[in-house]
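# Analysis of the macromolecular model
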Amino acid sequence: MRTRLLRYFIRFLGILPLPLLGAGGRFAGWLAYRIPNRELSNARTNLEMCFPGLSAPQREDLLRATLKENAITLLEMPAVWYGDTDAWLQRLDTGSVPDDIRRLMQRGKGVVIAMPHLGNFEISAHFFGAIGKATGLYRPPRKEGLESVMLEGRNRPGRNRMVATDRKGIKALYQALDKGELIVILPDQQPKTAKGGGGVFAPFFGVPALTMTLVNRFARKTGAPVYFIAFVRTGAKPEYKVVGLEADQAIASEDAEEAARALNAGVEQLVRQFPQQYQWTYRRFQAQPDGVNPYKKS
């Protein structure tokens, strides 16, 4: 029953107009700032570590804006999942990004798309489907019943495919690159462990962060270029701007730590342009070299 109700609620959100979802997100963010909760605490800790040069009032302003933008992104997801592709593409100021990606695809080695949790990353399902076939990596959500709804929206017919984070999924990504296609990875997710070479520590906003080596392995083993991308709200029309940049060649280095530094530098370069739209509520720095969890207050 709970799963069915969740699906009905998600479907209901999917038919609401974007201005109404935006208003709901701003209210939810306002509420989240005033009621003590884990996301509020996480974001405040992250901003303190990543923006030490800001004054306390400036960080609080950024914190309030972050909670509102994150809430808007969450409420917009069903509208993206079930929305018409042509309608969503008309909402995008794509700039030179599509041409940049097509130029990289012409090398014949595919392209590794590194898409951080910045802005409304769910729009990528519509965007990449208009450029070429894309295979994306995802972690199944903890909420029962949500996975099928999410995949239904992300798997655009005939163009996009989502694969789970397991051996079978990784093999599918290599196969996609071998065909000259796109693969999409969220590069700012903390690996479960550094054991087995799954992650290394590298600075992110000057703070040690356990960083995945997966992007490096794809780039190093296949020669595929890496391209960072994000879909950020503009507050005007068109409603979203697509921003992107090609990764530094060091991302394919034989040195995993050097590659991780290049990966985090690319993510940071995008985030610094739109810091209020980044998912600062995520415990990005939970694992630390000294074993001290900064989110556990004494």
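Quick look at the structure, then. Here the structure is a predicted model, which means the values were calculated and not measured.

## Some points on the pattern of salt bridges
This structure, assessed with the given rule, holds nine salt bridges. Salt bridges sharing partners connect three or more residues here, namely Glu69, Glu76 and Arg233.

## What to know about helix H2 (residues 18-34)
Helix length check: H2, at 17 residues, gives a terminal C-alpha distance of 24 Å against a target of 24 Å (1.5 Å per residue), a fit within 8%. Taken together, the buried positions of H2 are occupied by Leu18, Leu21, Gly22, Gly25, Gly29 and Tyr33. Down the axis of H2, the sector holding all buried residues measures 110°, keeping them to one side. Among the exposed residues of H2, those pointing more than 90 degrees away from its buried face are Pro19 and Phe27.

## Re the sheet that holds strand E9 (residues 240-246)
Strand order across the open sheet formed by seven strands is E1-E9-E8-E2-E5-E3-E4, with mixed pairing between neighbours. One side of each edge strand has no neighbouring strand; the edge strands of this open sheet are strand E1 (92-93) and strand E4 (160-164). Here seven bridges tie strand E8 (residues 226-233) to E9, and the two strands are oriented antiparallel to one another. Paired with Ala230 across the two strands is Val243, which belongs to E9.

## A short note on the packing of aromatic side chains
Within the structure shown, the criterion is met by 13 aromatic pairs. Judged by centre distance (4.9 Å) and plane angle (90°), the rings of Phe204 and Phe205 are edge-to-face. Pair check on accessibility: Phe204 and Phe205 agree, each one buried. The cationic tip of Arg11 hangs over the ring face of Tyr82; the distance from NZ or CZ to the ring centre is 3.8 Å. The ring of Trp88 carries the charged tip of Arg91 above its face, separated from the ring centre by 4.4 Å.

Conventions we followed
Residues numbered from 1 in each chain as written. Predicted model: local features only at pLDDT ≥ 70, side-chain atom pairs only at ≥ 80, totals over all residues. Heavy atoms only, no water. Salt bridge = Lys/Arg side-chain N within 4 Å of Asp/Glu carboxyl O. Helix = DSSP H or I, 4+ residues; strand = E, 2+ residues; numbered from the N terminus. Expected span 1.5 Å × (residues − 1). Buried < 20%, exposed > 50% of the residue type's maximum accessible area, 1.4 Å probe, protein only. Arc of directions from axis to C-beta. Pairing = 2+ DSSP bridges. Phe/Tyr/Trp six-rings, centres within 6.5 Å; stacked < 30°, edge-to-face > 60°. Lys NZ or Arg CZ within 6 Å of the ring centre and 35° of its normal.

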